[in-house]
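Single-letter residue listing:
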Amino acid sequence: MSHEFKYADLLDDDVFKLVFGRESTKDVMIEFLNQVIADRTIVDLEFIDKEMHPVERDSKGSVYDMFCKTDDGSRIIVEVQRRKQPFYPERALYYSTFQIQRQVEAGAESYDFLPVYVVNILNFTMDNNHDSPEVKSVFRLYEECTHSLLTDRVTFIFLELPKFRKTLDELDGNILEGMYFCFKNMASLQARPEVLTHKVFTRIFKESELLKMDSETRDKVRERMTTERDLRNQMAYAMQEARTKGLAEGLAEGLAEGRAKGLAEGLAEGREEGHAEGRAEGELNGRKAIAGKLKEMGMPLDKIAEATGLDTDTIEAL
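Quantities reported herein were computed from a predicted structural model and do not represent experimental measurements.

What about the overall build of the protein?
Here comes step 1: Helix and strand counts for the protein come out as 10 helices and eight strands.
Here comes step 2: Taking all 318 residues of the protein together, 42% fall into the buried category.
Here comes step 3: Pairs at least 24 residues apart make up 60% of the contacts formed inside the protein by residues separated by at least 6 positions.
Here comes step 4: Put simply, the protein shows about 17600 Å² of open surface, and 50% of that area lies on carbon and sulfur atoms.

Spelled out as structure tokens, the structure:
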């Protein structure tokens, strides 16, 4: 059945900036950040240039999805990531360093910089955080044995949307859970659910309605949403074909090999070293099996890479 989109996908970079990142919609971002960041209340925000250049020549720079300063001067970097990427936690750490360096002048005697937050909205689960069932994970610098906080000046917040599994009927008015629901389901909705009563949802649904956008933006967003939907359908078909035609042997073998290397022990005992190693190898073989099927179906290599997280050289060699 064909489906005409009414609302834009909030995980689309341009849509996220349209709904959360403009002066006219600043109240939406303030509410979102106040729900996510528990240790302060944000009254106002200032949106800043997102491109950061390295201090040293030939070093890698960065372009954030969104960067803002709070009324007390704290820096907040917001990243939206749809596809799984290797070394994503390291990327978040690297981004934070720019805002630390920018606050400490060369030759300064004091390293007293204002807090830096890196908020990551992820449409995937991080490999090193599988054991946590929580959607929101907050990482800081703690002492290993006493768990005493080294500093509160750097905070990493990861919102892993696949871990949010509540249906519309299970929502109870919690604002943050309502936002999780919108991030995951906005593109498939045809009306604002009655349970989302807070005024912030009035703004979110208004700003993400495709017919309210200018024609150029609307056409580009619709095209990307259609491509994303087709990609999901192709992946679902490839996985089904893999099951019915035996092309999932790579996944099965990978999981079996992973179990042989410690996956079973990891599941049983909780923290065996082989747990992560075996699971990672099993997942890799599974992604290769799916990539092979997508390649047979004629999907472009860059799209397969985006869907599976594999590099194009690996896919080409399959």
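Points about the side chain of R83
Here comes step 1: Along the chain, the position of R83 falls in the loop between β5 (75-81) and α3 (88-101).
Here comes step 2: At a separation of 2.7 Å, a polar atom in the side chain of R83 contacts the side chain of E228.
Here comes step 3: Apart from the residues lying within four places of it in its own chain, the contact partners of R83 are F124, E228, L231, E306 and A307.

Some remarks on the confidence of the model for the protein
Here comes step 1: When the pLDDT values of the protein are averaged, the result is 83; 81% of them are 70 or greater.
Here comes step 2: Mean pLDDT across the elements of the protein bottoms out in strand β2 (residues 51-52) (50) and peaks in helix α4 (residues 175-185) (97).
Here comes step 3: Throughout residues 52-62 the model reports pLDDT below 50, and contacts reaching past four residues in sequence, or to other chains, amount to 23 contacts.

Things to note about the pairing of β5
Here comes step 1: For β5, the buried fraction is high: seven of the seven residues fall into the buried class.
Here comes step 2: Side-chain alternation along β5 places R75, I77, E79 and Q81 on one buried face and I76, V78 and V80 on a second face that is also buried.
Here comes step 3: Connecting the antiparallel pair strand β4 (residues 66-70) and β5 is a turn made up of four residues, with G73 showing a positive phi of about 95°.
Here comes step 4: Bridging between β5 and strand β6 (residues 116-122) involves seven bridges; their strand directions are parallel. Along β6, the bridge assignment pairs I76 with Y117.

Observations concerning the packing of aromatic side chains
Geometrically, a pair of aromatic rings is defined through the distance of the ring centres and the angle of the planes.
Here comes step 1: Applying the stated criterion across every chain, the model contains 11 aromatic pairs.
Here comes step 2: Seen in terms of ring centroids, F20 and F183 are 5.8 Å apart; in terms of plane orientation they differ by 20°. Their pairing is stacked. With F20 in helix α1 (residues 13-20) and F183 in helix α4, this pair connects stretches of sequence that are 163 residues apart.
Here comes step 3: We classify F20 as buried; its relative accessible area is 1%.
Here comes step 4: Judged by relative accessible area, which is 3%, F183 ranks as buried.
Here comes step 5: Seen in terms of ring centroids, Y88 and F158 are 6.5 Å apart; in terms of plane orientation they differ by 70°. Their pairing is edge-to-face. Of the two residues, Y88 is situated in helix α3 and F158 in strand β8 (residues 149-160); the sequence distance between them amounts to 70 residues. Both residues of the pair, Y88 and F158, belong to the buried class.
Here comes step 6: The structure contains a cluster of three or more aromatic residues connected by ring pairs, namely F16, F20, F32 and F183.

Reading the values: rules and limits
Here, residues in each chain are numbered from 1, in the same order as that chain's written sequence. A pLDDT threshold of at least 70 governs which residues receive local features in this predicted model, and a stricter bar of 80 or more applies before side-chain atom pairs are shown or counted, although totals over entire chains, interfaces and linings include all residues. To obtain the side-chain values, all non-hydrogen atoms of the structure were included, while hydrogens and water were left out. Only DSSP runs of H or I covering at least 4 residues are called helices, and only runs of E covering at least 2 are called strands; the numbering of each starts at the N terminus. Buried residues are those whose accessible area, probed at 1.4 Å on protein chains only, stays under 20% of the maximum for their type, while exposed residues exceed 50% and partly exposed ones sit between those limits. Should any heavy atoms of two residues lie within 4.5 Å, those residues are counted as being in contact. The protein chains shown are the only cover counted for residues, whose accessible areas, like all others here, come from Shrake-Rupley with a 1.4 Å probe. The term polar contact refers here to a pair of N or O atoms within 3.5 Å; inside protein, the definition further demands a hydrogen-donor-capable atom paired with an acceptor-capable atom, and it admits residues adjacent in sequence only when both atoms are side-chain atoms. Note on scores: pLDDT gives the predictor's confidence for each residue, bounded by 0 and 100. The pairing criterion is simple: DSSP has to find at least two bridges between the two strands. Within 6.5 Å between ring centres, the rings of Phe, Tyr and Trp (the latter by its six-membered ring) count as paired, and their orientation is classed by plane angle as stacked under 30 degrees, edge-to-face over 60, tilted in between.

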